[in-house]
Amino acid sequence: MDDFEFSQRLSRESEFNFLKVENEIINIDRGIFISNSSINDKFQVIQFINCEFSGSEVLFEDINKPNLNIFFRDCRFKCNLYVTRLVLKGLKFIGVKEIGQTLEVRNCKFGDFYFKGYKGTKLELDGSIDISYNKISQMLNLENIQHIAGNFSFEGNNINTPERPSEFEFLASFSNSIFHNASFLHNTFNNEVKFYRMQLTYDSHGSARSFNDCKFESAYFNEVNFGERCFFNGSMFKNSVLFVHCKNLENTKADFSGCIFYKDAFFNYSEFNSLTIKNSQFMGITSFENTKFQEIEFERNIFEKAAHFDGIEVDNLENCNRKTLRTIKQELQRTENRIDYNIFKAAELNAYKKELSPDRWKEIFILWINNISSKHGLDWLRSSIFTLIIALLFYVFYFLTENYSLDFSVTNESLNHFIKGYFKFLLPTYKPPFQNGLSLWFQYLPFILGKIFIAYGIYQTIQAFRKFRL
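Computed from a predicted structure; not experimentally measured.

Examining the overall build of the protein chain
Here is step 1: Of regular secondary structure, the protein chain possesses 7 helices and 37 strands.
Here is step 2: For the protein chain, the residues scored as buried account for 50% of the 470 residues in total.
Here is step 3: Approximately 22,900 Å² of the protein chain is accessible, and the part contributed by carbon and sulfur atoms is 51%.

As structure tokens, this is what we get:
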């Protein structure tokens, strides 16, 4: 079929309200323009089944037929396809086998819009797909797509699907699809939308915009692999949102800065390389339970209700800034999670030490010794060993000042004398370990300093034992 015959079949008078074109090769040599007057007004359904469009380009433009459904099923587009300013009941691409350089759907109004594949099949698409600035009022289905090369744009669309009819049926879905170099800017989803097990891939020239400046009602991003970029900067979530079991610890850099979450937000069991949230507001319950990150950064966020960080893991905790650690610490304290609270409290103190200027050496020393002695009250064994070692160092110096004038040889008696004196020295009292001790003034220096550090070590050990107290 050539382009002239193709045009004739669309406009030909018919006693039926549908047109079915099946198993045809449609060769578009010079390009063809299909407008409102090019389609028979009687048609309510136009189907292209297992057809191949080859040649130059097909342009559907300025068609206003609110009762018309156009289907492309199992078709190949070896030419460019442009769909612009259409008003249709439905436009459906199902099981597309091939696209040319460009497939574009822009500035249209549809009841239903499908661009979906078949579940379990792997029809890989290579080319540019642009679905932007459209209004969809009934169903949106972009499931089971395997877009592996080129660019995918889904931008500026307004999705007004109704309430879902059952617990398991979503009227807007991107589930089980792969999109390459994807951009989802400025979309508005006025009802629930599902992104289950979606995967985003990028190459070196891919867009870094992701889902910036979108508006969502309820959104479900369960088990999504966002690839290298998970950006939701400036987005708004009017209802609950789930980012559960999203796992790409090696690559995904997630950023939710400037967002507003009006209801609950759950990030449980997700793993990202890095997570950045700045200047965002969480008005419902927020949960980061059992999440894992290489790096994390929180600044100037508002949590109006409890934020749960139970079981959170940050591999490079020492690289986090103090504001981030303080935010997480405060929320852990708020939810009475004493175990994780202690970990982030210690990390915050270490981060604070890094910020201090050298002229504040006294604070630096205190923080340093708190860390090496007990990891800021976390490790009782470390504090016990610290106490024994620091006591031994001062005791040796004191012992030498006490016995410098005596000949000392290593015997059982001399070792017993040394060890008994050491254990007496460990007691945090003024009494010297030897009968004639502290007879010279310079003996007081190691004695007093030793007692101070012994008392400090004992205190650190007690603190470490009490780290789980409520």
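Re helix 3 (residues 338-355)
Residues spaced three or four apart along an α-helix point in a common direction, a consequence of the helix completing one turn every 3.6 residues.
Here is step 1: The first and last C-alpha atoms of helix 3 sit 26 Å apart over 18 residues, in line with the 26 Å expected at 1.5 Å per residue.
Here is step 2: The set of residues buried in helix 3 consists of D340, Y341, N342, F344, A346, A347, E348 and A351.
Here is step 3: At its buried positions, helix 3 is contacted by strand 37 (313-314) and helix 2 (322-334).

A few points about unusual backbone geometry
Here is step 1: A positive phi is found at Y133, a non-glycine position, where the angle reads about 60 degrees.
Here is step 2: The backbone phi angle of E223 is positive, close to 60 degrees, even though this residue is not glycine.
Here is step 3: Tracing the backbone shows E223 in the loop between strand 24 (219-220) and strand 25 (229-231).

Observations regarding the pattern of salt bridges
Here is step 1: According to the stated counting rule, one finds 12 salt bridges in the structure shown.
Here is step 2: Among the ionic pairs, R76 bridges to E98, the shortest N-O distance being 3.4 Å. Residue R76 is located in strand 7 (residues 76-77), and its partner E98 is located in the loop between strand 8 (80-94) and strand 9 (102-106); the two are separated by 22 residues in the primary sequence.
Here is step 3: According to the relative accessible area criterion, R76 is partly exposed, its value standing at 32%.
Here is step 4: Sharing partners across several salt bridges, the network here consists of E61, D62 and R85.

Focus: the sheet that holds strand 28 (residues 247-255)
Here is step 1: One open sheet accounts for 5 strands, arranged 25-28-31-34-37; its pairing is parallel. With one partner strand each, in any of the chains shown, strand 25 and strand 37 form the two edges of the open sheet.

Observations concerning the pairing of strand 12 (residues 128-132)
Here is step 1: The buried fraction of strand 12 amounts to 4 of the 5 residues, a majority that puts the element mostly inside the structure.
Here is step 2: In terms of strand pairing, strand 9 meets strand 12 through 5 bridges, oriented parallel. Bridge pairing links E104 to D130 in strand 12.
Here is step 3: Taken together, the 2 bridges between strand 12 and strand 15 (residues 152-153) define a ladder with parallel strand orientation. Following the sheet pairing, I129 is matched in strand 15 by F152.

About the thresholds
Residues numbered from 1 in each chain as written. Predicted model: local features only at pLDDT ≥ 70, side-chain atom pairs only at ≥ 80, totals over all residues. Heavy atoms only, no water. Helix = DSSP H or I, 4+ residues; strand = E, 2+ residues; numbered from the N terminus. Buried < 20%, exposed > 50% of the residue type's maximum accessible area, 1.4 Å probe, protein only. Areas by Shrake-Rupley, 256 points an atom, 1.4 Å probe, with all protein chains shown as cover. Expected span 1.5 Å × (residues − 1). Contact = heavy atoms within 4.5 Å. Salt bridge = Lys/Arg side-chain N within 4 Å of Asp/Glu carboxyl O. Pairing = 2+ DSSP bridges.

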